[in-house]
Amino acid sequence: MDASNYSLKVNRDLLNPSFESYRLSLDAIPKYNVELDAAVEEMKLKESQYTLDHMRAFGMYNYLHLDQWYEDSVLFVDCKGRVLSLTVTLDTALGKPWEVYRIEGDSWQREDRLCASLSLTSATWAALSDGSGRLYLLRTGKRADSSHLKWEALFIEDVGDPFIILHSVSHVQDGVHTLEVLLLRIQKDQQETKGSEFSTSLEWITVSNVAGKGPDKKYEVKTRRVLKGKTVPNYAAIEPQGKGLMVAAEKPFVFTHVDGQPVEAPEQEPMEVETTEPIYFWQQTTDDITMIVRMPEGVTKETVHFSLTRDDISIGVKGSDPFLEGQLFASVDPEASAWIIKNDKSLEVTLQKQVVDGSMWPELVMGNSRGKYMLSDEQVAKIHERLTHLTSEDMNADPARDMPPCNSQELEDCDQFPEEGSNLTYFDGQSLKPTHVVNLGIHQYLFTVDVNPSEMPCLCLRHDVDALLWQPRPDRPDDMWEHIATFNALGYVQASKRDKKFLTCAPNFSYASLCECLRRSFIYRQPQTLDTVLFNRKQGRQVGQVAKQQVDSLDVDKPILGFRATNERLYILTCSNLYVLKVNND
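For clarity, every value in this text was computed on a predicted model and none was experimentally measured.

Reading the values: rules and limits
- Residues numbered from 1 in each chain as written.
- Predicted model: local features only at pLDDT ≥ 70, side-chain atom pairs only at ≥ 80, totals over all residues.
- Heavy atoms only, no water.
- Helix = DSSP H or I, 4+ residues; strand = E, 2+ residues; numbered from the N terminus.
- Buried < 20%, exposed > 50% of the residue type's maximum accessible area, 1.4 Å probe, protein only.
- Areas by Shrake-Rupley, 256 points an atom, 1.4 Å probe, with all protein chains shown as cover.
- Salt bridge = Lys/Arg side-chain N within 4 Å of Asp/Glu carboxyl O.
- Polar contact = N/O pair within 3.5 Å; in protein donor to acceptor, adjacent residues only side chain to side chain.
- Contact = heavy atoms within 4.5 Å.
- Phe/Tyr/Trp six-rings, centres within 6.5 Å; stacked < 30°, edge-to-face > 60°.
- Lys NZ or Arg CZ within 6 Å of the ring centre and 35° of its normal.
- Pairing = 2+ DSSP bridges.
- Axes fitted to C-alpha atoms, helices over the stretch in contact; angles between N-to-C directions.

Q: Explain the overall build of the chain to me, please; I cannot follow it from the model alone.
A: Looking only at helices and strands, the chain features three helices and 42 strands. Looking at the chain as a whole, 50% of its 586 residues qualify as buried. Carbon and sulfur atoms provide 46% of the accessible area of the chain, an area that totals close to 27600 Å².

In structure tokens form, the structure reads like this:
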């Protein structure tokens, strides 16, 4: 089964090219505090865990877990090995977190122990790691109905070196209940001769109950599959029915072992992602676009194939397949557009934008990565001036100054992009080979969030200045990633927060939020309609919506260990306290 290269299809209806800025709101956010009976133990990195991958995997671990099946229910593990749960129904009457399970034994004494990790597998199951290499599969019951009942461990097994749990799913087929768990380890690699002496291992473990054992069916390991790579993945999740695995990483992962036996190395050709020279270069102004297309030397007007409509373009040589073809980012005026042959080996095309509103296109041909954008000197000179207006401390929605919309060229030194080899890959669970590959290019990974518990987790990527949320749809092979929400300018805003630790959003997309390592958290709300419409006299237009930014600061200087968002509340965990911020009303 060969891998095919795909592109992420942006839903232009979810973009807001006229978005201007976030206005700082001084509205108070109701905040409630729960003091913990025992501390949450922050596992400090040891001297042997010195790489950036160790920091990304373990130093930035989110100790707080949101139960996506039961709204406003969060869980965490304290230093006594207790799994504690708190469900909020009334903010002003918060109770104490209650114990639902306790890790027994001496695993807490192991020197190379990692932090305990938890994954809510389904509405009635959970997967737990004690950080020492032991995996627990727990039957929880319906947690909302029996929240104070203790969980029951139906599978406890030492599965090797210490790990953290990245993801887990549960499914039933032909009467057999199966749990799929994805583990992450960073291990010393004796074959590594360049750079770090470590490599990253993902282990996909399948555990099923044994048929015919009566009411207390025994759960056993059915399959263990191992992937290895040279970096910690940004995103890794199992398909809901256990049919495949999706990984986003800056360097490739490959399956190396199944049940302890080596896997033949895959052929490199199917995994090849285009890295050839650009076939066209382009520049733009607010009015038009100029592109230079490479053509075979000696090309003439009679041999050129050129087709242009309002929304599509096709360029090539007659008698051959077009080498540039696709949908334009936005509409153009074909009658006002033109092309000429330059130096008998290139085509110069001028495209007149249909809508002249001051906005800039982030790409020319949708999903095509064979072009290179060239900034003009004038655009470079304007970048710093334009970016200073992206966020504001002024709550006035009608600023006197002229403020152009955000665009793809609004970049600064703080903008960081992944390596060109960064890919989003879907592996088939049977063949263990990649079937879908997306080259993420400059689309920086931002965060992962659960929106629908019956679907795979969503991943948020930076597209120009915006942050776009993508929902994997593994049951739709031809359209596997759906653009479901946009957070305006969040891609740029988060890049300027040097001390950021966690970034997330509400499942209904009403706001996005990030927190720093200490104290401060930021809330970015979607644009909301104003009660009274303001008029911008300088720009000569009405202002009917405003997007608010809010800032909250904790009253302690203890590191933030956990950070989760629901539609109504934001949860912040430190070693000694759990804070609940009422962000939205019912």
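Q: Got a minute to help me understand the pattern of salt bridges in this structure?
A: Between side chains of opposite charge, a pair can form when the charged atoms approach closely. If you walk through the whole model with that rule in mind, you get 25 salt bridges. A salt bridge links aspartate 27 to lysine 548; the nearest nitrogen and oxygen atoms lie 3.7 Å apart. Taken as a pair, aspartate 27 in the loop between strand S2 (22-24) and strand S3 (31-35) and lysine 548 in strand S39 (residues 541-553) lie far apart in primary sequence, 521 residues in all. For lysine 44, the salt bridge is made with glutamate 42, and the minimal N-O distance between the two is 3.4 Å. Under the relative-accessibility criterion, lysine 44 is labelled exposed at 57%.

Q: I'm lost on the side chain of serine 119 in this one. Help?
A: Within the fold, serine 119 resides in strand S8 (residues 117-120). A residue is classified by how much of its surface remains accessible, and serine 119, at 9% relative accessible area, is buried. A polar side-chain atom of serine 119 sits 2.7 Å from a polar atom in the side chain of serine 168. When near neighbours in sequence (up to four residues on either side) are disregarded, serine 119 contacts Ala126, Ala127, Ile165, His167 and Ser168.

Q: What is the right way to read the packing of aromatic side chains from this model?
A: To describe a pair of aromatic rings, one takes the distance between the centres and the angle between the planes. Counted by the stated rule, this structure contains nine aromatic pairs. Between the aromatic rings of phenylalanine 19 and tyrosine 22, the centroid separation amounts to 5.2 Å while the plane-to-plane angle is 65°, which identifies the pairing as edge-to-face. The two residues phenylalanine 19 and tyrosine 22 agree in class, both being buried. Judged by centre distance (4.5 Å) and plane angle (65°), the rings of tryptophan 282 and tyrosine 373 are edge-to-face. Placement of tryptophan 282 in strand S20 (residues 280-284) and of tyrosine 373 in strand S27 (residues 371-373) is noted, with a sequence separation of 91 residues between them. Using a relative accessible area of 5% as the deciding quantity, one classes tryptophan 282 as buried. The exposure class assigned to tyrosine 373 is partly exposed, which follows from its relative accessible area of 22%. For the cation-ring pair, arginine 12 lies above phenylalanine 329, with the distance from its terminal atom to the ring centre recorded as 6.0 Å. The ring centre of phenylalanine 522 lies 4.9 Å from the NZ or CZ of lysine 497, which sits over that ring.

Q: What should I look at first to understand the environment of valine 355 in this one?
A: Of note, valine 355 is situated in the loop between strand S26 (346-352) and S27. The exposure class assigned to valine 355 is exposed, which follows from its relative accessible area of 55%. With 69 residues separating them along the chain, valine 355 and threonine 286 place their C-alpha atoms 9.3 Å apart.

Q: Teacher, can you tell me more about unusual backbone geometry here?
A: For residues other than glycine, phi is negative in most cases, and the peptide bonds are mostly trans. Positive phi, close to 60°, is recorded for aspartate 72, a residue that is not glycine. One can find aspartate 72 in the loop between strand S4 (65-66) and strand S5 (73-77).

Q: I would appreciate a short explanation of the sheet that holds strand S12 (residues 164-173) in the present structure.
A: Sheet strands pair by backbone hydrogen bonding; their relative direction is either parallel or antiparallel. Strand order in the open sheet formed by six strands is S12-S13-S14-S15-S18-S19, with antiparallel pairing between adjacent strands. Of all strands in the sheet, those with a lone pairing partner are S12 and strand S19 (261-262), marking the two edges. The pairing of S12 with strand S13 (residues 176-188) spans nine bridges and is antiparallel. Bridge pairing in S13 links isoleucine 165 to leucine 183. Along the sheet, helix H1 (residues 52-59) contacts S12, S13 and strand S14 (198-209); its crossing angle with S13, the most-contacted strand, is approximately 145°.

Q: For this particular structure, what's the right way to read the pairing of strand S32 (residues 458-463)?
A: Both faces of the sheet carry side chains from a regular strand, because those side chains alternate between them. Extensive coverage of S32 is indicated by the burial of six of its six residues. On S32, burial covers both faces: Cys458, Cys460 and Arg462 on one face and Leu459, Leu461 and His463 on the other are all buried. Relative to S32, strand S31 (residues 445-449) runs antiparallel, the two sharing four bridges. Counted as the bridge partner of valine 449 is cysteine 458 from S32. Sheet topology places S32 next to strand S33 (residues 466-472); five bridges connect them, and they run antiparallel. When the sheet's bridge partners are listed, leucine 461 is paired in S33 with leucine 468. Remark: two residues form the turn of the hairpin made by S32 and S33, two consecutive strands paired antiparallel; aspartate 464 in that turn has positive phi of roughly 60°.

Q: Got a minute to help me understand the environment of arginine 224 in this structure?
A: Inspection of the secondary structure assignment puts arginine 224 in strand S15 (residues 219-229). You can call arginine 224 partly exposed: its relative accessible area is 25%. Excluding its chain neighbours within four sequence positions, the residues that come into contact with arginine 224 are Val159, Arg185, Glu203, Trp204, Ile205, His257, Val258 and Asp259. Side-chain polar atoms of arginine 224 contact the side chain of glutamate 203, separated by 2.5 Å.

Purely spatial values, then, with no claim about function.
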